[in-house]
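What follows is the residue order along each chain.
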Amino acid sequence: MSATAGTGIGTFTIRPLDPLKDAELLHRWVTDPKAAFWMMQDARLQDVEREYMRIAAHEHHHAYLGLHDGVPAFLMETYDPRYVELVGLYDPEPGDVGMHFLVAPTDRPIHGFTKAVITAVMDELFADPRTRRVVVEPDVSNKAVHALNEAVGFVPVREIDKPEKRALLSFCTRERFFNRHSLASRGVAV
């Protein structure tokens, strides 16, 4: 993946994550108090390297670094839910793609930035014509991400128990995302 999406906030570029070169940056992000839902608060640098080396070697799980105007700004992971994260927790359909994203902590927040990031992530995922539906499973108590997910078109289905958390299984179809995206770009409240 290497896409560029222009927004009113700037340009987002997504590139494959380099588990060794990007580990120090990721370590700062995933151990920040604002990244509590990433569940790596106590990770050492070596733990982050090991985790992203594992993902890089996995056939059905991938990690990407997102840049905002050329500066690292977010992490994106994709996975095939038939083999990773949700095995046995729901019945996957052809074209399902699982997704996680983490926006880098900052001392100078930009209004609307996180929504622009998730929109760029969804644009990237749906750029692949094989993707019919994006699947997410955030912690049930992560109300901020639930609101973001809803804003781009996710529909909550049910709560599920994963080994590490109680999660809210949600889906966003290609049609629902592009309908929401189209309405929002025309200034219609969604």
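What comes next is a walk through the structure.

## Side note on the overall build of the protein
Right, on to step 1. A tally of regular secondary structure across the protein gives five helices and eight strands.
Right, on to step 2. Taken from N to C terminus, the helices and strands of the protein fall in the order β-β-α-α-β-β-β-α-β-α-β-β-α.
Right, on to step 3. A globule of 190 residues ought to have a C-alpha radius of gyration of about 16 Å, and the protein, at 16 Å, matches this closely.
Right, on to step 4. Projected onto the principal axes, the alpha-carbon positions of the protein cover approximately 45 × 40 × 30 Å.

## Things to note about the pattern of salt bridges
Opposite charge on two side chains permits them to pair, given that their charged atoms come into close proximity.
Right, on to step 1. A full pass over the atoms with the stated rule returns 14 salt bridges.
Right, on to step 2. The residue Glu 85 makes a salt bridge to Lys 162 at a minimum N-O spacing of 2.3 Å. Of this pair, Glu 85 sits in the loop between β4 (71–79) and β5 (96–103) while Lys 162 sits in the loop between β7 (155–161) and β8 (166–173), and the two are 77 residues apart along the sequence.
Right, on to step 3. With a relative accessible area of 7%, Lys 162 lands in the buried category.
Right, on to step 4. One salt bridge connects Lys 165 with Glu 137, and the closest N-O pair in it is separated by 3.3 Å. Of the two residues, Lys 165 is situated in the loop between β7 and β8 and Glu 137 in the loop between β6 (133–136) and α4 (143–152); the sequence distance between them amounts to 28 residues. Each member of the pair, Lys 165 as well as Glu 137, is classed as buried.

## As for unusual backbone geometry
Right, on to step 1. Positive phi, close to 60°, is recorded for Met 39, a residue that is not glycine.
Right, on to step 2. For Met 39, a relative accessible area of 43% translates into the label partly exposed.
Right, on to step 3. If you check the backbone angles, Asp 69 has positive phi at about 50° while not being a glycine.
Right, on to step 4. Classification of Asp 69 as partly exposed rests on a relative accessible area of 49%.

## Remarks on the nonpolar core
Right, on to step 1. Within the largest apolar cluster, 26 residues are counted, with the highest numbers of intra-cluster contacts made by Phe 74, Met 99, Phe 101, Val 121, Met 122, Leu 125 and Phe 154.
Right, on to step 2. If near-sequence neighbours (up to four positions away) are discounted, Val 121 is found in contact with Phe 74, Met 76, Met 99 and Phe 101.
Right, on to step 3. Core analysis: the next-biggest nonpolar cluster, separate from the first, contains 17 residues, Leu 25, Val 30, Trp 38 and Ala 43 among them.

## Considering the packing of aromatic side chains
Right, on to step 1. One pass over the full model with this rule turns up six aromatic pairs.
Right, on to step 2. Summarising the aromatic geometry, the rings of Phe 12 and Phe 74 are spaced 5.8 Å apart at their centres and angled 70° between planes, so their arrangement reads as edge-to-face. Here Phe 74 lies in strand β4 and Phe 12 lies in strand β2 (residues 10–16), a separation of 62 residues in the sequence.
Right, on to step 3. Aromatic side chains Phe 126 and Phe 178 sit 5.9 Å apart centroid to centroid with 55° between the ring planes, which places their arrangement in the tilted category.

## Description of the layout of surface pockets
Right, on to step 1. As a volume, the largest pocket reaches approximately 1,400 Å³.
Right, on to step 2. Taken together, 43 residues form the lining of the largest pocket, with Ala 35, Trp 38, Phe 101, Leu 102 and Val 103 sitting closest to its centre.
Right, on to step 3. Among the elements that line the lining of the largest pocket, the one with the most residues is β5, at five residues.
Right, on to step 4. Residue composition of the lining of the largest pocket, grouped by class: 24 nonpolar, seven polar and twelve charged.

## Structural notes on helix α2 (residues 45–57)
Right, on to step 1. Helix length check: α2, at 13 residues, gives a terminal C-alpha distance of 18 Å against a target of 18 Å (1.5 Å per residue), a fit within 8%.
Right, on to step 2. For α2, every residue scored as buried is listed here: Asp 47, Val 48, Tyr 52 and Ile 55. Buried residues along α2 cover an arc of 120° about the axis, so they all sit on one side. α2 presents Arg 50, Ala 56 and Ala 57 as exposed residues on the side facing more than 90 degrees away from its buried surface.
Right, on to step 3. On its buried face, α2 sits against α1 (23–30), β3 (61–68) and β4.

## Digging into the environment of Phe 12
Right, on to step 1. By relative accessible area, Phe 12 is classed as buried at 1%.
Right, on to step 2. With 55 residues separating them along the chain, Phe 12 and Leu 67 place their C-alpha atoms 5.5 Å apart.

What counts and what doesn't
Residues numbered from 1 in each chain as written. Predicted model: local features only at pLDDT ≥ 70, side-chain atom pairs only at ≥ 80, totals over all residues. Heavy atoms only, no water. Helix = DSSP H or I, 4+ residues; strand = E, 2+ residues; numbered from the N terminus. Rg over C-alpha atoms; globule rule 2.2 N^0.38 Å. Salt bridge = Lys/Arg side-chain N within 4 Å of Asp/Glu carboxyl O. Buried < 20%, exposed > 50% of the residue type's maximum accessible area, 1.4 Å probe, protein only. Core = buried A, V, L, I, M, F, W, Y, C linked by side-chain atoms within 4.5 Å. Contact = heavy atoms within 4.5 Å. Phe/Tyr/Trp six-rings, centres within 6.5 Å; stacked < 30°, edge-to-face > 60°. 1 Å grid on protein atoms, 1.4 Å probe; cavity = no way out; pocket = protein on both sides within 12 Å on 5 of 7 lines; lining within 4 Å. Points joined across faces, edges and corners; volume = space filled by probe spheres on them. Nonpolar A, V, L, I, M, F, W, Y, C, P; charged D, E, K, R; others polar. Expected span 1.5 Å × (residues − 1). Arc of directions from axis to C-beta.

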